[in-house]
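Below are the chains, spelled out letter by letter.
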2 protein chains.
Amino acid sequence: MLWIPIDRSLDIPLIRQVYQQIRERILNGQLKSDEKLPSTRELSAELKVSRNVILEAYDQLLAEGFLVSRRGSGTFVARGAFLEQHEKALSFPPLDWCEDNKKDDNLINFRSGIPALDLFPRKTWAKLSYTIWNETSPSTFGYDIPEGRPELRQILSQYLLKTRGVDCHPNQIVITSGATQALTLVSKLLLSPEDTVIMEDPITNDIQTIFKTSGATLFPVPVDEYGMETSLLPLNNNPKFIFITPSHQFPLGGTLPIQRRIQLINYSRQTNCYLVEDDYDSEFRYEGSPVSSLQGLESDRVLYIGSFSKILSPALRIGYLILPLHLIEKCRKLKWFSDLHTPSLNQLILARFIDEGYLERHITKMKKIYKNRRDFLIHCLETTFSNKVNIYGYSTGLHLVIELNEAHFTKELLDWIEQFGVKVSPVEDHTIEKGKYNNRIILGYGHLKNEEIKEGVTRLHNAIYSLKFKN
Amino acid sequence: MLWIPIDRSLDIPLIRQVYQQIRERILNGQLKSDEKLPSTRELSAELKVSRNVILEAYDQLLAEGFLVSRRGSGTFVARGAFLEQHEKALSFPPLDWCEDNKKDDNLINFRSGIPALDLFPRKTWAKLSYTIWNETSPSTFGYDIPEGRPELRQILSQYLLKTRGVDCHPNQIVITSGATQALTLVSKLLLSPEDTVIMEDPITNDIQTIFKTSGATLFPVPVDEYGMETSLLPLNNNPKFIFITPSHQFPLGGTLPIQRRIQLINYSRQTNCYLVEDDYDSEFRYEGSPVSSLQGLESDRVLYIGSFSKILSPALRIGYLILPLHLIEKCRKLKWFSDLHTPSLNQLILARFIDEGYLERHITKMKKIYKNRRDFLIHCLETTFSNKVNIYGYSTGLHLVIELNEAHFTKELLDWIEQFGVKVSPVEDHTIEKGKYNNRIILGYGHLKNEEIKEGVTRLHNAIYSLKFKN
């Protein structure tokens, strides 16, 4: 007789329980090929379940090929349904949640590039979100075009022309899943293994990784307080493109003057290369308006990357890539084979958010708050470290860089600092040629309240001072 | 005197107008290096704007390097700010909206894989969306981990165990931006240029493209009404993986019996290759429950891909990839360098949608509707084409395949059919070895109402009949 333990307290339907257990026994060989099963009437009486339960379980097993039915003689185990070494391990492997998830609430993290998350305009966004999900046309719920919603590209082209002097038709825009995807698209679009990319040094390490993954070689050009030292561009080089952060160099914080921009453009004309402009946070320029883009000066040679991660929220994963006309078609295809398109409704919500003026109001509001936090951080640094600190790159964005002449930010020192409940990241993490910025660290302040900034600077000072005392 | 036309009717602030025009004239050489500018007092009087406007415009130009200020003698045009051949073309290039956007409202498109978009549970989704955006913790608006929200992975692992017999820990799941991204991740994770992938033939052409992009060779194995003919797996081959759609073969519609699944597993054990299982729409199985996954039989060798595009909406762009333990860390990195992570709030909304039972209710509801549409389509085909049509692969999903013995679906015939206001796609679009399925087409019915189905079948019949008549 076939005995199947039924557990009515489980959330698993009886049909499924009967099905799973018979299936299991066939797979592991307990029920053997050609073995006859009890009739549905017998089994239902035995297990005290309705005959329908057994009928449906048998039907599913017949459909999947575990059983065969022979007219007039009953139901049998099918051949070839035994799987060697089949052990059904429903227990989960012993995996911990990954480290990134572990949080230390007491730690003050001067991580760069994080906006003030508690000031995300959640009420407005929730309201727009509700409206759009309710009111959009059904066709919006289908597959869309890879370059993104026309509504968003239209309003974005206007916004960027007005605020950044970006000169583009909406059809030159590809909406991406954050700036990171824009960077991988640029890499796939332009780079082959033998190519060279000219980059500022230092520059975001993740971006170096993305370009290196294509097999390209990175050629570093040093950076000073104004950004890339364009007078040091290599003479005998045919780069595929020059990657630059002219509005706000990351991490050192300079803004590239017009003379260097013109040198860049002339260089790119001579070497026939592209310019890839990453404009990640220039909305938050504390002296005057955002600087006009390089793209507006040479729109058929510049690829322009922007993001809503800093001005709204990284969780949105919305960025954009603006391309010269002749690259658009290839980029649309690459986007399609990456993830088809960026989620449609999120794009519509953002378009409405910009269109109704919420974005500009939010930026105006946040610029005041960030300026206040920046000024307070500078004040704390100057009063705590007095003349031992030099501060760089504070005109724009959500971070600045400090130089502490007597410190050498090795892994050991950074670990030591973290034991004091404060985390900072070294400029050296982002250098291509190592060793030039050993005494500089990046302090992101956008997400920190004044009391955290003050406490963080004090802890940093204590950590460094105690170490000197210890030695 | 410097004359700048000011237009107060424009949406551009006066400061910006003054700034832009001076900038423009320096770039194009109308204002030359070392030329002296009027004082702010003079220019404001001349243009009849407040002096502050001129002061701020000058400040911005000084900050960007267009002007220099010489103490006591005034403001001058800086050197090196002239750009040769600079023509500021604010006019947009003449680009039309792309073709995908053009719609013919009268066309009945039997495109496959489109759910009933008008039945998306928009009210529930809007409500959950509103709640989540309003109530989630601020930290959710920050950068997240690449594998996705724990809430979604947790509920998904339970849901998949219950409905599909997928056996995984939540940490084996990587949430992706749709199944397409899962496929590109698999490609990057496993394939090198010299590798071979064994695939069903026919199989979705986009998937062929994704794997071929890595440089790998595709080895086709024919498909019959039950799916891949596993007895034809090549003897002397070391594939990197076998790609299969065992729950519902695309496009031919078969469900792989247990005997073939076991052959596949034994083959993969012998050749030490992976199995990549794409389970894109098995929720809609009209006879019985979804078939249990291959993953549940051999979880350390199967990579399992799923998607919410068919059961909810493609516009969400949410899918998932379930991996053997030893591949997780590499996959997390690849996801990070693709787009960091999938939008966080969308994941939370979906998790809540599943957790509160809406997903299962929606699937139950839609399964009835799709079964009705399928039955009606079969009815229309049989009454219209009578014994000239064979119908395949209708047990599951949102499409079926028909064979019309007398037709040869060339590009010309398909164009001819479209002139009758109906669009169908040929199986041959998805074949690796060409020519075997010339008389078969795919009919997607999930998104079509009964009257559209009826009219579509009539138009298809008329088109084919009229052509025979014409020849």
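Note that this is a predicted model, so its numbers are computed, not measured.

Asker: Which parts of the structure should I look at to understand the pattern of salt bridges?
Answerer: Side chains that differ in sign of charge can pair as their charged atoms come close. Throughout the structure, instances matching the rule amount to 44 salt bridges over all chains. Put simply, B:Lys240 and B:Asp195 hold a salt bridge, and the shortest N to O gap is 3.8 Å. Residue B:Lys240 is located in the loop between strand S7 (227-228) and strand S8 (241-244), and its partner B:Asp195 is located in the loop between helix H6 (178-190) and strand S5 (196-201); the two are separated by 45 residues in the primary sequence. Linked by salt bridges that have partners in common, A:Glu287, A:Lys371, A:Arg374 and A:Asp375 make up one network.

Asker: Just checking my understanding: could you explain the sheet that holds strand S9 (residues 274-278) of chain B for this structure?
Answerer: Each strand in a sheet pairs with its neighbour through backbone hydrogen bonds, running either in the same direction (parallel) or in the opposite one (antiparallel). All names here are of chain B. Strand order in the open sheet made by the eight strands is S4-S11-S10-S9-S8-S5-S6-S7, with mixed pairing throughout. Since the sheet does not close on itself, it has two edges, and those belong to strand S4 (173-176) and S7, each with one partner. Pairing geometry for strand S6 (residues 217-224) and S7, over two bridges, is antiparallel. Within the sheet, the bridge partner assigned to Val223 lies in S7 and is Met228. Each of S5, S6, S8 and S9 touches helix H7 (residues 205-213); the most contacted strand, S5, lies at about 170° to it.

Asker: Before we go on, may I ask you to explain the packing of helix H5 (residues 150-164) of chain B against helix H10 (residues 344-355) of chain B in this structure?
Answerer: Each pair of packed helices can be summarised by the angle the axes make with each other and by the distance between the axes. Residue and element names in this part refer to chain B. One way to put it is that H5 packs onto H10 with a least axis distance of 8 Å and a crossing angle of 35°. Relative to H10, H5 is oriented so that their crossing is left-handed. For the pair formed by H5 and H10, the contact residues are Glu151, Leu152, Ile155, Leu156 and Tyr159 on the first element and Gln347, Leu348, Leu350, Ala351, Ile354 and Asp355 on the second.

Asker: Where do I start with the packing of aromatic side chains in this structure?
Answerer: For any pair of aromatic rings, the description consists of the separation of the ring centres together with the inter-plane angle of the planes. Inspection of every chain in the model, using the stated rule, returns 27 aromatic pairs over all chains. Both rings, one in A:Phe211 and one in A:Phe243, keep their centres 5.5 Å apart while their planes meet at 70°; by these two values the pair is edge-to-face. Separated by 32 residues along the polypeptide, A:Phe211 in helix H7 (residues 205-213) and A:Phe243 in strand S8 (residues 241-244) bring together distant segments of the chain. On the basis of relative accessible area, A:Phe211 is assigned to the buried category, the value being 0%. Taken together, the ring pairs in this structure connect A:Phe120, A:Trp125, A:Phe353, A:Tyr358, B:Trp133 and B:Phe141 into an aromatic cluster. The ring of A:Phe76 has A:Arg70 sitting right over it, with the charged end atom 4.3 Å from the ring centre.

Asker: Where do I start with the sheet that holds strand S13 (residues 399-404) of chain B in this structure?
Answerer: Residues and elements named next belong to chain B. Taken in spatial order, the four strands line up as S12-S13-S16-S15 in an open sheet, and their pairing is antiparallel. Edge positions in the open sheet fall to strand S12 (389-392) and strand S15 (425-426), since each of these has one partner strand only. Where S15 and strand S16 (residues 440-444) come together, two bridges link them in antiparallel fashion. Counted as the bridge partner of Ser425 is Ile442 from S16. Against the sheet, helix H11 (residues 358-385) makes contact with S12, S13 and S16, and its axis sits at roughly 10° relative to S13, the strand it touches most.

Asker: Teacher, can you tell me more about the relation of the copies chain B and chain A here?
Answerer: For these two chains of identical sequence, chain B goes onto chain A by a turn of 180° and a shift of 0.0 Å along the axis, with RMSD 0.0 Å. What we have between these two chains is a two-fold relation. Considering only C-alpha atoms, the part of chain B nearest the rotation axis is B:Tyr130, at 2.7 Å. Comparing interface residues between copies, 98% of those in chain B also lie at the interface in chain A; the contact surface is shared.

Asker: Honestly, the domain arrangement of chain A in this entry has me stumped. Any pointers?
Answerer: When the parts come together, some accessible area is lost, and that loss is often what is quoted as the size of the interface. All names here are of chain A. Taken domain by domain, chain A comprises domain 1 (14-77), domain 2 (99-118 + 361-470) and domain 3 (137-356). Measuring from the centre of the C-alpha atoms in domain 2 to the corresponding centre in domain 3 gives 27 Å. Roughly 2,700 Å² of surface becomes buried between domain 2 and domain 3 when both sides are summed, with 60% attributable to carbon and sulfur atoms. When residues of domain 2 are sorted by the area they lose upon contact with domain 3, Thr396, His430 and Ile432 head the list and together hold 24% of the total. Between domain 2 and domain 3 we count one salt bridge in total.

Asker: Help me understand the packing of helix H1 (residues 14-27) of chain B against helix H3 (residues 51-64) of chain B in this model?
Answerer: Residues and elements named next belong to chain B. Two elements in contact, H1 and H3, have axes whose closest approach is 8 Å; the angle formed by their N-to-C orientations is 45°. Viewed along their axes, H1 and H3 adopt a mutual orientation that is oblique. As for how H1 packs across H3, the hand of that crossing is right-handed. Facing H1, whose interface residues are Leu14, Ile15, Val18, Tyr19, Ile22 and Arg23, H3 presents Val53, Ile54, Glu56, Ala57, Tyr58, Gln60, Leu61 and Glu64. Of the residues contributing to the contact of H1 with H3, the split by class is 10 nonpolar, one polar and three charged.

Here is what the cut-offs are and how they apply
- Residues numbered from 1 in each chain as written.
- Chains lettered and ligands numbered in written order.
- Predicted model: local features only at pLDDT ≥ 70, side-chain atom pairs only at ≥ 80, totals over all residues.
- Heavy atoms only, no water.
- Salt bridge = Lys/Arg side-chain N within 4 Å of Asp/Glu carboxyl O.
- Helix = DSSP H or I, 4+ residues; strand = E, 2+ residues; numbered from the N terminus.
- Pairing = 2+ DSSP bridges.
- Contact = heavy atoms within 4.5 Å.
- Axes fitted to C-alpha atoms, helices over the stretch in contact; angles between N-to-C directions.
- Left-handed = near helix turned anticlockwise from the far one by under 90°.
- Phe/Tyr/Trp six-rings, centres within 6.5 Å; stacked < 30°, edge-to-face > 60°.
- Buried < 20%, exposed > 50% of the residue type's maximum accessible area, 1.4 Å probe, protein only.
- Lys NZ or Arg CZ within 6 Å of the ring centre and 35° of its normal.
- Least-squares fit on C-alpha atoms with pLDDT ≥ 70 in both.
- Domains from an automatic or database assignment.
- Buried area = accessible area lost by both parts, 1.4 Å probe.
- Parallel < 35°, antiparallel > 145°, perpendicular 65-115°, else oblique.
- Nonpolar A, V, L, I, M, F, W, Y, C, P; charged D, E, K, R; others polar.

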